[in-house]
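Commentary on secondary and tertiary structure
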Amino acid sequence: MNIDTVVGKDYLGKCFRDLADAPISALNGIGEEGAQALQQAFGVTTVRELANLNFIKWASAIATLAAEEQMLPQDKAKEELLDDAVEMTFPASDPISVDAGITRIEVSPDKVDAHTDHQHAGKIEECTANGKKKEAAAQ
């Protein structure tokens, strides 16, 4: 992180010791009014005093630990039940299971080449001719 992005232009290039002892208004976004409000609320005037506030330390620790906290067993169970319910609602989104009793077609059925027999016209004519022959033989 470039420290120049978090301090005001008057504090650019200063060492960390000087920045720690600088007024709170040295931090970008706080300004004089914010610094006065922090001084009235917490009695702090420097960046170091602000950083050493127990409230700041506690809030930082809570936020850090919250990111690493494991779910409670009951919350984990609820989430798994919700995941299962969603899974059952949208089963088509899952890949087909090999052991689900689905018959797999190994060899594709004979197909008429559409280039030479558009919409099976030849096949239809052949079936019609065969049907007429059978009909004539039956009479």
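Structure: above.
A brief look at the structure comes next. None of these values were measured; they are calculated from a predicted model.

Along the backbone of the chain there are 6 helices and 0 strands. Mapped from its N terminus to its C terminus, the chain presents α and β elements in the order α-α-α-α-α-α. When the 139 residues of the chain are sorted by exposure, 11% land in the buried category. In the structure as shown, the chain presents an accessible area of about 12100 Å², 57% of it carried by carbon and sulfur atoms.

Take the pattern of salt bridges next. Applying the stated criterion to the full structure yields 1 salt bridge. Arg-48 serves as the salt-bridge partner of Asp-21, at 3.2 Å between the closest nitrogen and oxygen. With Asp-21 in the loop between α1 (16-20) and α2 (31-42) and Arg-48 in helix α3 (residues 47-51), this residue pair connects regions lying 27 residues apart in the sequence. In this structure Asp-21 comes out as partly exposed when scored by relative accessible area, which is 48%.

When you line up the elements, Thr-46 lands in the loop between α2 and α3. You can call Thr-46 buried: its relative accessible area is 17%.

What follows covers a nonpolar patch on the surface. A contiguous nonpolar surface patch, about 470 Å² in accessible area, is contributed by Phe-42, Phe-55, Trp-58 and Ile-62. Examining the composition of the nonpolar patch, we find that 3 residues originate from one element, helix α4 (residues 54-68), more than from any other. Positionally, Phe-55 belongs in helix α4.

Scoring rules and cut-offs
Residues numbered from 1 in each chain as written. Predicted model: local features only at pLDDT ≥ 70, side-chain atom pairs only at ≥ 80, totals over all residues. Heavy atoms only, no water. Helix = DSSP H or I, 4+ residues; strand = E, 2+ residues; numbered from the N terminus. Buried < 20%, exposed > 50% of the residue type's maximum accessible area, 1.4 Å probe, protein only. Areas by Shrake-Rupley, 256 points an atom, 1.4 Å probe, with all protein chains shown as cover. Salt bridge = Lys/Arg side-chain N within 4 Å of Asp/Glu carboxyl O. Patch = residues over 30% accessible without salt bridge, like charges linked within 9 Å, V, L, I, M, F, W, Y side chains within 5 Å.

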